[in-house]
Amino acid sequence: MEIATLLNLGCFVLCFLFSQNGKASGNSQLPVATKVWWTSINFKTILEWEPKPSGYAYTVEFFGKKTDVQKSPRCIKIQTTECDLTSFLLNLTDSYTAHVISEPIETVDKTEEYPFTRSDKFTPYKDTKIGQPTFKIEENEAKDNIKLLIETPLSSIRGPNNTFLSIQEIFKKDLEYVTYYRKASSTGKKEAKSKINEIDVPVDRGESYCFNVHIVIPSRSDENQQSQESATHCSHSEKPFYEEYGIGVLVGLILVPVLLLVAIITCACCCLRKKNNKEENSPDGVPLKGV
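All values derive from a computational prediction rather than experimental measurement. (Residues numbered from 1 in each chain as written. Predicted model: local features only at pLDDT ≥ 70, side-chain atom pairs only at ≥ 80, totals over all residues. Heavy atoms only, no water.)

Enquirer: Can you lay out the state of the cysteines for me, pointing to particular residues and giving the numbers?
Expert: Applying the stated criterion across every chain, the model contains 2 disulfides. Across the disulfide from C210 sits C234; the S-S distance is 2.0 Å. Linking C210 and C234, the disulfide has an S-S dihedral of approximately 105° and is accordingly described as right-handed. Taken as a pair, C210 in strand 15 (residues 209-216) and C234 in strand 16 (residues 233-234) lie far apart in primary sequence, 24 residues in all. Looking at C210, the relative accessible area reads 7%, which means it is buried. Residue class for C234 comes out partly exposed when judged on its relative accessible area of 43%. (Disulfide = S-S within 2.5 Å. Helix = DSSP H or I, 4+ residues; strand = E, 2+ residues; numbered from the N terminus. Buried < 20%, exposed > 50% of the residue type's maximum accessible area, 1.4 Å probe, protein only.)

Here's what the structure looks like:
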């Protein structure tokens, strides 16, 4: 009886130790992700976090107010620190939350819950950044009006015919266009707006004007309303260069290269003079006297 009791006690102790070992290697000791953030431009949306895993892996799950919990097949037990969720966040007005779950590389118990870090909420329609618009300049025959023809960037969302939708097609009437413009010879800026992708700007005949364009979504929060700024384009001027920019600019363009050349020549002469002085004062530079 004593031997049987000892054996039973030993088995109990071993089982207890194994169970404790399993708990120690489970969710309590796995590091969790930090600095989880969303990066999104033109509805191309990527979830990112830190740090890179070592000895464990990450799995990403996400859900929205109108979307059930899902996992991207490409973001299960990954050892990178980003997950592209573009093709899953198709309800653009839904508010999504993601969990970055830390898991052992080899999971034995699929029912066990592992630690995770929760992301901030992300609503694509309100939060994705809008990229640069492009535009063309058209002048009328009288040269007193300029029309800007604006094109919005393509999004990463596909439409019914499987082509990428433009930002204009997604936001429709909830979108405005703003241009800031000035005379090429001036720094003072003016503003013009339009609800369609054309902006007419009255101008002085013969003057050159420079423009850049923003897309604006007024329904968004202030810090998220404007798109990235477009490249700057200027219209053609019929005035001579010196008349448009002034005599001062023309004189400056001539004088700067001349002064630069004078400075280089002066510096070279000074260096040559110092070299000659060193040679004259050195022992080897003293001429031999006749015997």
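Enquirer: Requested: an account of the sheet that holds strand 1 (residues 34-41), with residues and values cited.
Expert: With antiparallel pairing, the 3 strands of this open sheet are ordered in space as 1-2-5. Lying at the two open borders of the sheet, with one neighbouring strand each, are strand 1 and strand 5 (82-84). Pairs of neighbouring strands in the sheet enclose a mean axial angle of 15°, with direction left out of account. (Pairing = 2+ DSSP bridges. Axes fitted to C-alpha atoms, helices over the stretch in contact; angles between N-to-C directions.)

Enquirer: Could you give me a rundown of the packing of aromatic side chains, with the residues and numbers involved?
Expert: Summed over the entire model, instances satisfying the criterion amount to 8 aromatic pairs. Taking 4.6 Å as the distance between ring centres and 45° as the angle between the ring planes, the aromatic pair formed by Y125 and F171 counts as tilted. Highlighted residues: Y125 in helix 2 (residues 124-127) and F171 in helix 3 (residues 167-171), separated in sequence by 46 residues. In this pair, the class of Y125 matches that of F171, namely buried. For the ring pair Y181 and Y209, a centre distance of 6.4 Å and an interplane angle of 50° mean the geometry is tilted. Separated by 28 residues along the polypeptide, Y181 in strand 12 (residues 176-183) and Y209 in strand 15 bring together distant segments of the chain. As far as the burial class goes, Y181 and Y209 line up, both buried. Chaining the aromatic ring pairs together yields one cluster made of F43, Y125 and F171. Lying over the aromatic face of F164, R158 brings its terminal NZ or CZ to 4.0 Å of the ring centre. (Phe/Tyr/Trp six-rings, centres within 6.5 Å; stacked < 30°, edge-to-face > 60°. Lys NZ or Arg CZ within 6 Å of the ring centre and 35° of its normal.)

Enquirer: Describe unusual backbone geometry, with residues and values.
Expert: A cis amide bond links E50 with the next residue in sequence, P51, at an omega value of -5°. Its place among the elements puts P51 in the loop between strand 2 (44-50) and strand 3 (56-64). A positive phi angle, near 70°, is found at F43, a position not held by glycine. Mapped onto the secondary structure, F43 falls in the loop between strand 1 and strand 2. With relative accessibility at 2%, the residue F43 sits in the buried group.

Enquirer: Please set out the nonpolar core residue by residue, giving values where relevant.
Expert: As a rule of thumb, soluble globular proteins bury nonpolar side chains together. Counting 24 residues, the largest nonpolar core has L148, F171 and F211 as the members making the most contacts within it. Mapped onto this core, the elements with two or more residues apiece are strand 9 (145-151), helix 3, strand 12, strand 14 (198-202) and strand 15. The dominant element in this core, judged by the number of residues it contributes, is strand 15, at 4 residues. Excluding residues within four positions of it along the chain, F171 makes contact with F43, Y125, I130, I217 and R220. (Core = buried A, V, L, I, M, F, W, Y, C linked by side-chain atoms within 4.5 Å. Contact = heavy atoms within 4.5 Å.)

Enquirer: If you had to explain the sheet that holds strand 9 to someone new, which residues and values would you point to?
Expert: Within a sheet, each strand pairs with its neighbour through backbone hydrogen bonds, oriented either parallel or antiparallel. Taking strand neighbours across the sheet as the criterion, the 3 strands line up as 8-9-14 in an open arrangement whose pairing is antiparallel. Looking at strand neighbours, the two that pair on one side only are strand 8 (134-139) and strand 14, the edges of this open sheet. This sheet shows a mean twist of 20° between the axes of neighbouring strands, independent of strand direction. Here strand 9 pairs with strand 14 via 5 bridges, running antiparallel. Of the residues in strand 14, the one forming a bridge with L148 is I199.

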